[in-house]
Amino acid sequence: MYTATPNDAPWTVPALAQAKRDGRKLVMLTCYDAGFARTVDAAGIDLVLVGDSLGMVVQGHDSTLPVTVADTAYHTRCVARGLSRALLVADLPFQADASTDRALAASTELLQAGAAMVKLEGAAPHKLDVIRHLAQREIPVCAHLGLTPQSVLRLGGYKVQGREAEAARRLQEDARAVAEAGADLLVLECVPTPLAESITRESPIPTIGIGAGPHCDGQVLVLHDMLGLRSGHRRPRFVKDFLEEGGSVQGAMEAYADAVRSGTFPDAAHSYA
Ligand SMILES: Nc1nc(=O)c2c([nH]1)NC[C@@H]1CN(c3ccc(C(=O)N[C@@H](CCC(=O)O)C(=O)O)cc3)CN21
Ligand SMILES: CC(C)C(=O)C(=O)O
Ligand SMILES: [Mg+2]
């Protein structure tokens with residue numbers, strides 16, 4: 001069992017790249033309030049995401065689209081007060097990254113709320129402009145490719161991405177482009193295991209998978225999912241309830257961290273071939 005090490009130095013952005021070079025897996029969980037943040041931190045989780053999934057698991061909407069910058073800033077402030085070691089990432093909500101001006105204003109608000117990095121979905125030309133704009137202004141950026149839930153209306157549902165050869169090629173190119181634009185980290189959501197493996201091998205920045213197989217540099221799950229709470233939609237294949245084996249909330253987080261670090265999660269049953 002992984003033992004919490006509260007004396008460990010707080011995470012920094014350069015330490016993420018070092019972890020990739022060292023082959024140390026990064027463990028990430030979403031979190032939306034201070035109580036859970038204290039527990040996530042004590043469990044030795046490396047990265048905490050105030051995801052716009054809060055629109056679904058906290059607010060009860062059926063997509064992430066209704067979430068605002070004010071909502072995300074509020075939850076970021078709550079979570080930041082509970083953390084002393086984990087690196088805090090906050091999602092830029094739907095259309096907060098529609099222009100460089102809006103993205104800079106929203107990101108400033110989120111960093112001033114306590115985040116150390118902002119995350120944004122996609123690699124369209126204007127998104128690459130936003131990544132460059134933020135990176136040049138000393139704002140760490142996490143990119144997010146594959147299934148991008150803010151695109152749900154045009155995608156027609158939450159489906160695995162990059163299955164066709166052409167789509168796979170485009171994803172691989174997008175991964176190159178976001179790193180080139182200055183992203184520090186890359187979330188890959190719902191992509192076939194071999195594609196995520198190939199992107200990870202090529203990527204100069206660490207990849208964090210969710211439904212992207214075991215070969216990413218790290219993993220992320222939605223907190224409610226790994227504690228077995230009903231998510232409102234059909235349970236995605238990549239979700240595993242760690243509460244049973246963990247025995248307590250902190251135990252579940254430690255079991256998840258152990259499984260990611262030892263390479264036993266995700267297995268084939270929790271990945272897309
Ligand atoms: N609670 C929760 N967990 C999440 O992981 C999550 C959210 N909410 N909200 C935002 C998005 C939506 N997500 C989802 C939702 C459903 C599937 C899903 O059911 N996928 C199918 C894929 C089928 C296919 O294309 O082959 C699956 O069977 O896993 C995947 C990701 C991930 N994110
Ligand atoms: C699922 C993760 C990667 C996310 O973006 C969120 O929780 O909003
Ligand atoms: Mg999100």
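Quick summary incoming for the structure in this document. This structure is a prediction, so every number in the text was calculated from the model and none was measured.

On to the coordination of the magnesium ion (ligand 3). The coordination sphere of the magnesium ion (ligand 3) contains the protein donors Asp52 (OD) and Asp91 (OD), at a distance range of 2.2 Å. Residue Asp52 is found in the loop between β2 (47-50) and α3 (54-57), and its partner Asp91 is found in strand β3 (residues 87-91); the two are separated by 39 residues along the sequence. Accessibility classification places Asp52 together with Asp91 in one group, the buried group.

Another aspect to go through is empty space enclosed by the protein. Over the atoms rolls a probe the size of a water molecule, and in doing so it shows where empty space is left. For the coordinates displayed, the defined rule picks out three cavities of 30 Å³ or more. Its boundaries defined by the atoms lining it, the largest cavity holds a volume of some 60 Å³. As for the largest cavity, its lining consists of Gln172, Ala175, Arg176, Ala179, Ile199, Glu202, Ser203 and Pro204. Sorting the residues of the lining of the largest cavity by element identifies α8 (165-181) and α9 (193-202) as the ones contributing at least two each. The greatest single-element share of the lining of the largest cavity, amounting to four residues, is contributed by α8. Here the residues of the lining of the largest cavity are counted per class, giving four nonpolar, two polar and two charged.

By nearness alone, 21 residues border ligand 1, and Val160, Glu189, Asp225, Arg237 and Tyr272 come closest of all. Take Arg234: an N or O atom from its side chain is 3.2 Å from an oxygen atom of ligand 1. The backbone of Arg237 places a nitrogen or oxygen atom 2.9 Å from an oxygen atom of ligand 1. Coverage of ligand 1 by the protein amounts to 86% of the 660 Å² it exposes when considered alone.

Bringing the environment of Arg237 into the picture now. Structurally, Arg237 is set in the loop between α10 (223-226) and α11 (243-246). Its relative accessible area of 45% is what places Arg237 among the partly exposed residues. When the C-alpha atoms of Arg237 and Ala268 are compared, they prove to be 9.9 Å apart, with 31 residues separating the residues in sequence. With sequence-adjacent residues up to four places away left out, Arg237 is seen in contact with Ala268, Ala269, His270, Ser271 and Tyr272. For Arg237, the side chain forms a polar contact with the main-chain oxygen of Ser271, separated by 2.5 Å.

Spatial ordering of the closed barrel is given by β1-β2-β3-β4-β5-β6-β7-β8, a layout of eight strands whose pairing is parallel. For this sheet, the mean angle separating the axes of adjacent strands, direction not counted, is 25 degrees. When strand β7 (residues 207-210) meets strand β8 (residues 218-221), the two strands line up parallel, connected through two bridges. Bridged to Ile208 within β8 is Gly218. Contacts from helix α5 (residues 100-112) reach β3 and β4 (117-121) within the one sheet, and its direction differs from that of β4 by about 140 degrees.

Before going further, it helps to examine a nonpolar patch on the surface. Residues Phe36, Leu243 and Val249 make up a contiguous nonpolar surface patch of roughly 200 Å² in combined accessible area. Within the secondary structure, Leu243 is located in helix α11.

Glancing now at the pairing of strand β1 (residues 26-30). Burial of β1 is extensive: five of the five residues sit out of reach of the surface. A two-sided burial pattern is seen for β1, the buried positions comprising Leu26, Met28 and Thr30 on one face and Val27 and Leu29 on the other. With three bridges connecting them, β1 and β2 associate as parallel partners. Counterpart to Leu29 in the pairing with β2 is Val48. After leaving β1, the chain enters helix α2 (residues 34-42) and then returns to the sheet as β2, a path that is right-handed.

Attention now goes to the pairing of β2. Neither face of β2 is left uncovered, since the one carrying Leu47 and Leu49 and the one carrying Val48 and Val50 both have all their residues buried. Across four bridges, β2 lies against β3 in parallel orientation. Along β3, the bridge assignment pairs Val48 with Leu88.

Below, the discussion takes up the state of the cysteines. In this structure the tally under the stated criterion is zero disulfides. Lacking any disulfide linkage, Cys31 is separated from the closest cysteine sulfur, that of Cys78, by 9.7 Å. Residue Cys78 is classed as buried on the basis of its relative accessible area of 11%.

Glancing now at the site of ligand 2. Close contacts around ligand 2 come from Thr30, Leu49, Gly51, Asp52, Ser53, Asp91, Lys119, His144, Val187 and Ile210, and that covers them all. In the model, an oxygen atom of ligand 2 is placed 2.9 Å from a nitrogen or oxygen of the Asp91 side chain. Within the side chain of Lys119, a nitrogen or oxygen atom sits 2.7 Å from an oxygen atom of ligand 2. A total of 260 Å² of accessible area belongs to ligand 2 in isolation, and the protein chains cover 95% of it. Looking at the shell around ligand 2 residue by residue, the classes come out as three nonpolar, four polar and three charged.

How each quantity is defined
Residues numbered from 1 in each chain as written. Chains lettered and ligands numbered in written order. Predicted model: local features only at pLDDT ≥ 70, side-chain atom pairs only at ≥ 80, totals over all residues. Heavy atoms only, no water. Donors = N, O, S within 2.8 Å, 3.2 Å for Na, K, Ca; no water. Helix = DSSP H or I, 4+ residues; strand = E, 2+ residues; numbered from the N terminus. Buried < 20%, exposed > 50% of the residue type's maximum accessible area, 1.4 Å probe, protein only. 1 Å grid on protein atoms, 1.4 Å probe; cavity = no way out; pocket = protein on both sides within 12 Å on 5 of 7 lines; lining within 4 Å. Points joined across faces, edges and corners; volume = space filled by probe spheres on them. Nonpolar A, V, L, I, M, F, W, Y, C, P; charged D, E, K, R; others polar. Near = heavy atom within 4 Å. Polar contact = N/O pair within 3.5 Å; in protein donor to acceptor, adjacent residues only side chain to side chain. Areas by Shrake-Rupley, 256 points an atom, 1.4 Å probe, with all protein chains shown as cover. Contact = heavy atoms within 4.5 Å. Pairing = 2+ DSSP bridges. Axes fitted to C-alpha atoms, helices over the stretch in contact; angles between N-to-C directions. Patch = residues over 30% accessible without salt bridge, like charges linked within 9 Å, V, L, I, M, F, W, Y side chains within 5 Å. Salt bridge = Lys/Arg side-chain N within 4 Å of Asp/Glu carboxyl O. Right-handed = clockwise from strand over helix to strand, strands pointing away. Disulfide = S-S within 2.5 Å.

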